[in-house]
Amino acid sequence: MFLGFTGPNAAGKGEAIRYLLEKHQFIAYSLSDIIREEVKKRGLDVSRDNLITVGNELREKEGAAILAKRTIAKIKNSPQAIVDSIRNLYEIEELKKSLKDFKLIGITADVKIRFERAKERARLGDGATLEEFIRKEEKENSLDEKAQQLSKCFEQSDFKIDNSGSVEELHKKIETLLGELHYKPYSRPSWDEYFMKMAFLVAERSTCLRHHVGAVIVKNNHIISSGYNGAPSKTKDCIELGCLRDQMGIKSGTQHEVCRAVHAEQNAIIQASLHGAGTEGADIYCTHSPCMICAKMVVNAKIKRFVACNYYPDKSYENLFQEAGIKFEVVSRPPLLIQALD
């Protein structure tokens with residue numbers, strides 16, 4: 001998720017960003033940082049006036065979206081990031097074009113409240129009086145489309161927040177906004193989620209008309225084989241011939257021997273044998289719990305742990321696994337959406 005912040009001086013953007021950094025582990029980049037670097041190169045004070053002047057010069061020389069382009073290059077591979085100090089419509093256009101699901105948040109507050117906040121933080125160049133504070137703000141609303149146009153940027157916000165209240169009220173508004181955006185923090189999948197997700201991918205190859213089942217056998221966090229339920233190699237499958245069990249009226253979970261398919265767990269064990277991969281001490285991740293035939297094979301393959309998401313309608317494996325010391329675990333189905341950054 002990529003969030004951008006815009007709004008007038010001392011409106012509370014910094015507090016909103018600080019909260020997101022601490023509470024939700026975003027990373028933040030400011031377009032003004034690029035200008036600050038340029039100001040320092042020129043040996044100038046990092047005052048508000050110098051930032052406005054140098055920023056406008058950079059936009060005039062290298063294009064109105066230059067600050068956004070340089071920042072996008074830094075953050076495009078981040079899972080979730082914040083872009084601050086957005087002050088030009090071309091910057092917004094570039095960010096929305098280049099960053100997937102980018103949302104712009106405008107934060108404002110009553111000008112008198114903002115002036116008092118500015119006095120408290122005592123930043124160089126903010127203005128000593130309310131009148132001076134307002135005059136300096138007018139510089140950030142140029143008629144030149146390549147210069148700062150703060151008010152127009154605020155108008156383009158996807159969400160607007162009035163931060164004239166307390167810090168606690170601002171935090172609540174941020175949480176409400178994240179809820180509206182259906183925010184889910186990025187996290188790496190656990191090993192169980194990782195391998196179970198692969199089992200579901202393998203299941204897509206199934207030719208069964210009742211259940212798509214996939215299995216992967218894992219040793220030392222390394223996949224040694226996989227399998228899905230389907231007809232034996234070089235024979236016609238149920239997609240072509242129809243389900244034999246349906247034709248014979250056989251209930252799911254019974255008479256497993258009457259079926260065209262080799263089960264996913266069986267195929268995974270067979271593949272491991274074909275390629276010389278030892279299964280002793282391995283884990284098997286399967287979309288479903290095993291039938292009794294597969295359970296016997298798992299025991300004799302010396303697999304130590306069976307992890308599943310769904311129950312197959314045959315629980316006769318339970319006593320066998322308990323007696324043989326096979327650890328059986330049911331985990332939640334992982335999100336099947338691929339979330340890799342491209």
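So, how was this worked out
The written sequence of each chain sets the order in which its residues are numbered from 1. Thresholds applied to this predicted model are a pLDDT of at least 70 for local features of residues and 80 or more for the giving and counting of side-chain atom pairs; totals over whole chains, interfaces and linings are not thresholded and use all residues. Just so you know, side-chain values use all the structure's heavy atoms and leave hydrogens and water out. Strands are runs of DSSP state E lasting at least 2 residues, helices are runs of H or I lasting at least 4, and numbering of each runs from the N terminus. Here the globule rule reads 2.2 Å times residues to the power 0.38, and the radius of gyration is calculated from C-alpha atoms. To sort residues, take the accessible area from a 1.4 Å probe on protein chains only and compare it with the maximum for the residue type: under 20% means buried, over 50% means exposed, and anything in between is partly exposed. It only takes one pair of heavy atoms within 4.5 Å for two residues to be counted as in contact. Counted charges follow a simple rule, with Lys and Arg positive, Asp and Glu negative, and His plus the chain ends left uncounted. Where a charge sits is defined by one atom per residue type, namely NZ (Lys), CZ (Arg), CG (Asp) or CD (Glu). Helix span, expected: 1.5 Å multiplied by one less than the number of residues in the helix. Relevant arc is that of directions from the helix axis to the C-beta atoms, nothing else. Ring geometry is summarised as follows: Phe, Tyr and Trp rings, the Trp one being its six-membered ring, pair when their centres sit within 6.5 Å, and such pairs are stacked at plane angles under 30 degrees, edge-to-face over 60 and tilted between the two. Only Lys NZ and Arg CZ are tested; either one counts as a charge over a ring when it is within 6 Å of the ring centre and within 35 degrees of the ring normal. Per-residue confidence from the predictor is reported as pLDDT, a score between 0 and 100. Cavity means a closed set of points on a 1 Å grid over the protein atoms alone, one where a 1.4 Å probe fits but cannot get out, pocket means an open set with protein on both sides within 12 Å along at least 5 of 7 lines, and lining means a residue has an atom within 4 Å of a point. Grid points are joined across faces, edges and corners, and a volume is the space filled by probe spheres set on the points. Classes in brief: Ala, Val, Leu, Ile, Met, Phe, Trp, Tyr, Cys and Pro nonpolar; Asp, Glu, Lys and Arg charged; the others, Gly included, polar. Two strands qualify as a pair provided that DSSP identifies no fewer than 2 bridges between them. In this analysis, axes come from line fits to C-alpha atoms, helices being fitted only over the stretch in contact, and the angle between any two N-to-C directions falls in the range 0 to 180 degrees. Nonpolar cores were defined as sets of buried Ala, Val, Leu, Ile, Met, Phe, Trp, Tyr and Cys residues, with membership established by side-chain atoms within 4.5 Å.

1. Section: the overall build of the chain
Helices and strands together make up the secondary structure of the chain, namely 15 helices and ten strands. In terms of overall dimensions, the chain is more spread out than a globule: its C-alpha atoms have a radius of gyration of 30 Å, far above the 20 Å expected for 342 residues. By its C-alpha atoms, the chain is 85 × 40 × 40 Å across when sized along the principal axes. A total of 342 residues make up the chain; the buried ones form 44% of that total. When contacts within the chain are restricted to residue pairs at least 6 apart in sequence, long-range pairs at least 24 apart make up 64% of them. Averaging the coordinates of the 51 positive side-chain charges in the chain and doing the same for the 48 negative ones gives two points 4 Å apart.

2. A look at helix α9 (residues 167-180)
Taking 1.5 Å of rise per residue, 14 residues should cover 20 Å, and α9 covers 20 Å from first to last C-alpha, within 8% of that figure. All of the buried residues along α9 are Leu-170, His-171, Ile-174, Leu-177 and Leu-178. End-on, the buried residues of α9 take up no more than an arc of 120°, which puts them together on one face. Turned more than 90 degrees from where α9 packs its buried face, Glu-168 and Lys-172 sit exposed. Lining the buried residues of α9 we find β1 (2-6), α1 (13-24), β4 (102-108) and β5 (159-162). In the stretch just after α9, His-182 is the one whose phi turns positive, near 55°.

3. Details of the packing of aromatic side chains
The final tally for this structure, using the stated rule, is twelve aromatic pairs. With a centroid separation of 5.6 Å and an interplanar angle of 75°, the aromatic rings of Trp-191 and Tyr-194 are classed as edge-to-face. Pair noted here: Trp-191 and Tyr-194 are both in helix α10 (residues 191-203), with a separation of three residues, about one helical turn. Note on Trp-191: relative accessible area 47%, which makes it partly exposed. Ring geometry for Phe-306 against Phe-328: centres 5.9 Å apart, planes inclined by 35°, an arrangement best described as tilted. Taken together, the residues Phe-306 in strand β9 (residues 305-310) and Phe-328 in strand β10 (residues 327-330) connect sequence positions 22 residues apart. On the accessibility criterion, Phe-328 (25% relative accessible area) is partly exposed. Counting every residue linked through ring pairs, the aromatic cluster contains Phe-306, Tyr-311, Tyr-317, Phe-321 and Phe-328. One cation-aromatic arrangement involves Lys-160 over Phe-154; the distance from NZ or CZ to the ring centre is 5.8 Å. Here Lys-315 stacks its cationic end above the ring of Tyr-311, 4.3 Å away from the centre of that ring.

4. Focus on the confidence of the model for the chain
On average, the chain scores 90 in pLDDT, and the residues at 70 or more come to 99%. Confidence, expressed as mean pLDDT per element, reaches its minimum in the chain at helix α12 (residues 244-248) with 80 and its maximum at strand β6 (residues 214-219) with 98.

5. So, the side chain of Asn-163
Within the element layout of this structure, Asn-163 appears in the loop between β5 and α9. Assessed through its relative accessible area of 5%, Asn-163 is described here as buried. Not counting chain neighbours up to four residues away, the residues in contact with Asn-163 comprise Ala-11, Gly-12, Ile-107, Thr-108, Ala-109, Arg-117 and Leu-170.

6. Regarding the layout of surface pockets
In this model, the second largest pocket occupies a volume close to 620 Å³. Along the walls of the second largest pocket sit 31 residues, with Asn-9, Arg-36, Arg-87, Arg-121 and Arg-123 positioned nearest its centre. When contributions to the lining of the second largest pocket are tallied by element, the ones reaching two or more residues are α1, α2 (31-41), α3 (48-62) and α6 (111-121). With four residues, the single largest contributor to the lining of the second largest pocket is α3. Class assignment of the residues belonging to the lining of the second largest pocket gives a composition of nine nonpolar, nine polar and 13 charged.

7. Quick notes on the sheet that holds β1
Here we have five strands laid out as an open sheet, ordered β2-β3-β1-β4-β5, and parallel in their pairing. Looking at the sheet topology across the chains shown, the edges are occupied by β2 (27-30) and β5. The average angle at which neighbouring strand axes cross in this sheet is 25°, direction not considered. Of the pairings in the sheet, the one linking β1 to strand β3 (residues 81-84) comprises three bridges and is parallel in character. By the bridge assignment, Leu-3 is partnered in β3 with Ile-82. Together, β1, β2, β3 and β4 form the strand contacts of α1, whose direction differs from that of β1 by roughly 160°.

8. A closer look at the sheet that holds strand β8 (residues 283-288)
The strand order β7-β6-β8-β9-β10 describes an open sheet built from five strands, whose pairing is mixed. Pairing within the sheet leaves two strands with one partner each, and these edge strands are β7 (222-228) and β10. Averaged over neighbouring strand pairs, the angle between their axes works out to 20° when direction is ignored. Direction of pairing for β6 relative to β8: antiparallel, over a ladder of four bridges. Within the sheet, the bridge partner assigned to Val-216 lies in β8 and is Tyr-285.

9. Considering the nonpolar core
By size, the foremost hydrophobic cluster in this structure holds 22 residues, and its most contacted members are Ile-35, Leu-67, Ile-86, Leu-95, Leu-99 and Phe-102. Looking at this core, the elements with two or more residues in it are α2, α3, α4 (66-75), β3, α5 (89-98) and β4. It is α4 that provides the largest number of residues to this core, a total of five residues.

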